[in-house]
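The lines below spell out each chain.
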Amino acid sequence: MSRDLWMGEALELARQAVVDGDVPVGALVVDASGAVIGRGRNTRERDGDPTGHAEVVAIREAAAARGEWRLEGCTLVVTLEPCTMCAGAIVVARLDRLVFGAFDDKAGAVGSLWDVVRDRRLNHRPEVVSGVRAAESSELLRAFFATHR
């Protein structure tokens, strides 16, 4: 499966988040063989959980599927540039790769405001691929916020 197809699945998860009134962000964790081992969407509103970000939900599911917290060999695919919390989780989980769609000029921690995942002071730095299907991710967010302002 390609990055575009994985991002398509993440975009579908993002659309599902809107049903619960959550910001449309979706994420997948894909193992080295290309199998999806974790899926997540924003669940902060649904669960009343400030850590209910799509990335954290997907990472938790992938760790449970693997039976360990180290996600070496895996890729996180997410529709929006991760925030500082999620960027930290990516580093701590030892994910090999991060693929994301739209940049987040207000809270992004993978190049927009900060660059947590590539900070040389940390013990792990995943490869980063940005801008995958960014226009679709941005449009989902624009449409969501247009109805919530």
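Our structure's up above, just so we're on the same page.
So, how was this worked out
The written sequence of each chain sets the order in which its residues are numbered from 1. Only residues with pLDDT of 70 or above have their local features reported here, since the model is predicted, and side-chain atom pairs are shown and tallied only from 80 upward, although totals for entire chains, interfaces and linings are computed over all residues. Computation of side-chain values covers all heavy atoms of the structure but excludes hydrogens and water. As used in this record, nonpolar core signifies buried Ala, Val, Leu, Ile, Met, Phe, Trp, Tyr and Cys residues forming a set joined through side-chain atoms within 4.5 Å. Three labels apply to residues, based on accessible area from a 1.4 Å probe with only protein chains included: buried if under 20% of the type maximum, exposed if over 50%, partly exposed otherwise in between. Only DSSP runs of H or I with at least four residues qualify as helices, and only runs of E with at least two residues qualify as strands; both kinds are numbered from the N terminus onward. In this analysis, two residues are considered to be in contact whenever any of their non-hydrogen atoms come within 4.5 Å of each other. A pairing counts as a salt bridge when a side-chain nitrogen of Lys or Arg comes within 4 Å of a carboxyl oxygen of Asp or Glu. Interaxial angle, 0 to 180 degrees, is taken between N-to-C directions of lines fitted to C-alpha atoms, where a helix line uses only the stretch in contact. In what follows, roughly perpendicular refers to angles from 65 to 115 degrees, roughly parallel to angles under 35, roughly antiparallel to angles over 145, and oblique to any angle outside these ranges. The nonpolar class holds Ala, Val, Leu, Ile, Met, Phe, Trp, Tyr, Cys and Pro. Asp, Glu, Lys and Arg form the charged class, and all remaining residues, Gly among them, are polar.

1. Considering the nonpolar core
Phase 1 of the analysis: Ranked by internal contacts, the top residues of the largest apolar core, which has 27 residues, are Val 29, Leu 71, Leu 76 and Leu 95.
Phase 2 of the analysis: Those elements that provide at least two residues to this core are strand S1 (26-30), helix H3 (54-66), strand S3 (75-80), helix H4 (84-92), strand S4 (97-102) and helix H5 (134-146).
Phase 3 of the analysis: Per element, the largest residue contribution to this core is four residues, and it comes from H3.
Phase 4 of the analysis: What Leu 76 contacts, discounting residues up to four positions off in sequence, is Ala 27, Leu 28, Val 29, Glu 55, Ala 58, Ile 90, Leu 95, Arg 97, Leu 98 and Val 99.
Phase 5 of the analysis: By size, the runner-up hydrophobic cluster in this structure holds 13 residues, among which are Trp 6, Ala 14, Val 77 and Val 99.

2. Quick look at the pattern of salt bridges
Phase 1 of the analysis: Scanning the model with the defined rule gives ten salt bridges in all.
Phase 2 of the analysis: One salt bridge connects Arg 39 with Glu 9, and the closest N-O pair in it is separated by 2.5 Å. Residue Arg 39 is located in strand S2 (residues 36-41), and its partner Glu 9 is located in helix H1 (residues 3-19); the two are separated by 30 residues in the primary sequence.
Phase 3 of the analysis: Beyond isolated ion pairs, a larger network of salt bridges with shared partners links Arg 3, Arg 97 and Glu 127.

3. Quick word on the packing of H1 against H5
Phase 1 of the analysis: As a packed pair, H1 and H5 sit with axes 11 Å apart at the nearest point and diverge in direction by 5°. For the element pair H1 / H5, the angle class is roughly parallel. Where H1 approaches H5, its residues Leu 11, Ala 14, Arg 15 and Val 18 are matched on the opposing element by Glu 136, Ser 137, Leu 140 and Phe 144.
Phase 2 of the analysis: Classifying every residue of the contact of H1 with H5 gives five nonpolar, one polar and two charged.

Any functional reading would require information beyond the geometric quantities listed.
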